[in-house]
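So the chains spell out like this:
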Amino acid sequence: MPTISIPARALQLAAHDDDNLLKVLRRHEVPIGYSCRRGECGSCKCAIVSGSVALDACSEAALPPAQRAQGLVLACCARVRGDVALRLIDSDDYIAPPQRRLLTRVAALEQLASEVFALRLHIDYVDRDGAPFVFAAGQYASLQVRNADGAWIARDFSMAGTPVQAEYDDLLEFHIRRNPQGAFSGLLGSVLVPGATVWVDGPHGSAHFRPRHAGALYAVAAGTGLGPMLSIARTALDNGKLEPVRLYAGFRSADEVYGVAELDALARTFPQFAAQIVVEDGSLGRRGRVGDALLADTAAFVGAKVYLAGSPAMVDSVAAALRARGVAPGDVHADAYYPPQAAGGGEPSPPRSIE
Ligand code: FES
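Quick caveat: nothing in here was measured; it's all calculated off a predicted structure.

1. A word on the domain arrangement of the chain
Annotation of the chain at the domain level lists domain 1 (3–88), domain 2 (100–204) and domain 3 (217–336). Just the C-alpha atoms count here: the centres of domain 1 and domain 3 sit 31 Å apart.

Right under this line is the structure:
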């Protein structure tokens, strides 16, 4: 049986031949960054110190050939081939709450904008000892439901509520854009109605709130990326963060805009908080792209952390612009919404949906 060792943490992890390296690390609750789980985002990068792994196909942008030549690998695309020693990258501040499987039922379905809904799930049952479900603000979970034909449909969505709501009220909230043809989101209002059963696996993801950070916090959301960014901002403020918290919410048009009342309420309660609504077509709020608004407003990001949630194009372009402005990669925490893979795409598990 192969062993994965992490000398810097004095860890020795048992694995099986052909195990997915990221799954091994998650199984042992090793705090490693990850997001897409399919070789596109690059956040699960780690270094092979000794031994070797087999690498499945991945994006060159996520793992450039020069980095591969230096022994870097993407854990989500690596398969175990014997004993390996690893070095984790930028993992000091990761939080890895234990993964759970939850039985939930739809408590409410609220329309927030023309095709955007808040899906609220009441947690009826948690595996593992009956301990409460714990996640870090900004993380996501896999939601699984049977469609009208009895087939299981699974998609990943970020938690829009706070960890406190989950732990004390047994309530999870997700913001979902409905696509009538969407395999999952198309079920909103038909199969996904109050009382319906939804299984939830999670939490996942490393683009979560860093509670030990002291400095300005910028949260940039496109579309339903507002859900996890609201969760991060609200958690930071509720935790007593006194430094500036700025949330930029971007939408394509006025009919997609939501969350204004909640953002206004936060601004009234917390003087250190401010929000900008940025609408691409200029039909409401500030005109333009959300990332451009952040960059135009902020002369320097010294000591700040930036959290991003939205499409890969938005996340990549804003992260690149921040790097060009001198923001360290470890201070940019991003989860991009990758479109679902075609049926039969196999491992890894379904990505978060932008249906
Ligand atoms: S590249 Fe591995 S999680 Fe995204």
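2. Notes on the sheet that holds strand β13 (residues 197–204)
With antiparallel pairing, six strands are arranged side by side in an open sheet as β11-β10-β13-β8-β9-β12. Edge positions in the sheet fall to β11 (152–158) and β12 (171–177), since each of these pairs with one other strand and no more. Strand-to-strand twist of the sheet, defined as the mean angle between neighbouring strand axes without regard to direction, takes the value 35 degrees. Bridge count between strand β10 (residues 140–146) and β13: four bridges; the pairing is antiparallel. Within β13, the position partnered with Gln 144 by the bridge is Trp 199.

3. A closer look at the pattern of salt bridges
Working definition: two side chains of opposite charge can pair if their charged atoms are close together. One pass over the full model with this rule turns up 17 salt bridges. For the salt bridge of Asp 18 with Arg 79, the shortest nitrogen-to-oxygen distance reads 3.0 Å. Of this pair, Asp 18 sits in the loop between β2 (11–14) and α1 (21–27) while Arg 79 sits in strand β6 (residues 78–80), and the two are 61 residues apart along the sequence. The class for Asp 18 is partly exposed, based on a relative accessible area of 40%. Exposure remark for Arg 79: the relative accessible area of 22% places this residue in the partly exposed category. Across the pair Arg 27 and Asp 19 runs a salt bridge, and its minimum N-O distance is 2.7 Å. We classify Arg 27 as partly exposed; its relative accessible area is 45%. By sharing partners, the salt bridges in this structure join Asp 18, Asp 56, Arg 79 and Arg 81 into a single network.

4. A look at the packing of helix α6 (residues 290–297) against helix α7 (residues 312–324)
Where α6 contacts α7, the two axes come as close as 9 Å, and the packing angle between them is 15 degrees. The angle between α6 and α7 places the two elements in the roughly parallel class. In this structure, α6 crosses over α7, and the sense of that crossing is right-handed. Contact with α6, carried on its side by Val 290, Gly 291, Leu 294 and Leu 295, involves Met 314, Val 318, Ala 321 and Leu 322 of α7 and no other residues of that element. Across the contact of α6 with α7, the residue classes break down as seven nonpolar, one polar and no charged.

5. Topic: the nonpolar core
Soluble globular proteins: nonpolar side chains tend toward being buried together. Ile 4, Leu 21, Leu 25, Ala 75 and Leu 86 are the most contacted members of the largest nonpolar core, which totals 31 residues. For this core, the secondary structure elements donating two or more residues are β1 (3–6), α1, β3 (45–50), β5 (72–74), β6 and β7 (84–88). At four residues, α1 tops the list of elements feeding residues into this core. The residues touching Leu 86, leaving out its near neighbours within four places in the chain, are Ile 4, Ser 5, Ile 6, Pro 7, Leu 21, Leu 25, Cys 46, Ala 47, Ile 48 and Val 49. Listed in part, the 29 residues of the second largest apolar core include Val 116, Leu 226, Val 257 and Leu 263.

6. Some points on the sheet that holds strand β14 (residues 217–222)
What the six strands build is an open sheet, ordered β17-β16-β15-β14-β18-β19; its pairing is parallel. On the outer flanks of this sheet lie β17 (286–287) and β19 (332–336), each paired with one strand and no other. Sheet topology places β14 next to strand β18 (residues 305–310); five bridges connect them, and they run parallel. Bridging across to β18, Tyr 218 finds its partner in Val 306. Packing against the sheet, α6 makes contact with β14, β15 (245–251), β16 (273–279), β17 and β18, and its axis sits at approximately 145 degrees to β15. Contacts between α7 and the sheet are confined to β14, β18 and β19, with β18 contributing the most and set at about 160 degrees to the helix.

Conventions and cut-offs
- Residues numbered from 1 in each chain as written.
- Predicted model: local features only at pLDDT ≥ 70, side-chain atom pairs only at ≥ 80, totals over all residues.
- Heavy atoms only, no water.
- Domains from an automatic or database assignment.
- Pairing = 2+ DSSP bridges.
- Helix = DSSP H or I, 4+ residues; strand = E, 2+ residues; numbered from the N terminus.
- Axes fitted to C-alpha atoms, helices over the stretch in contact; angles between N-to-C directions.
- Salt bridge = Lys/Arg side-chain N within 4 Å of Asp/Glu carboxyl O.
- Buried < 20%, exposed > 50% of the residue type's maximum accessible area, 1.4 Å probe, protein only.
- Parallel < 35°, antiparallel > 145°, perpendicular 65-115°, else oblique.
- Left-handed = near helix turned anticlockwise from the far one by under 90°.
- Contact = heavy atoms within 4.5 Å.
- Nonpolar A, V, L, I, M, F, W, Y, C, P; charged D, E, K, R; others polar.
- Core = buried A, V, L, I, M, F, W, Y, C linked by side-chain atoms within 4.5 Å.

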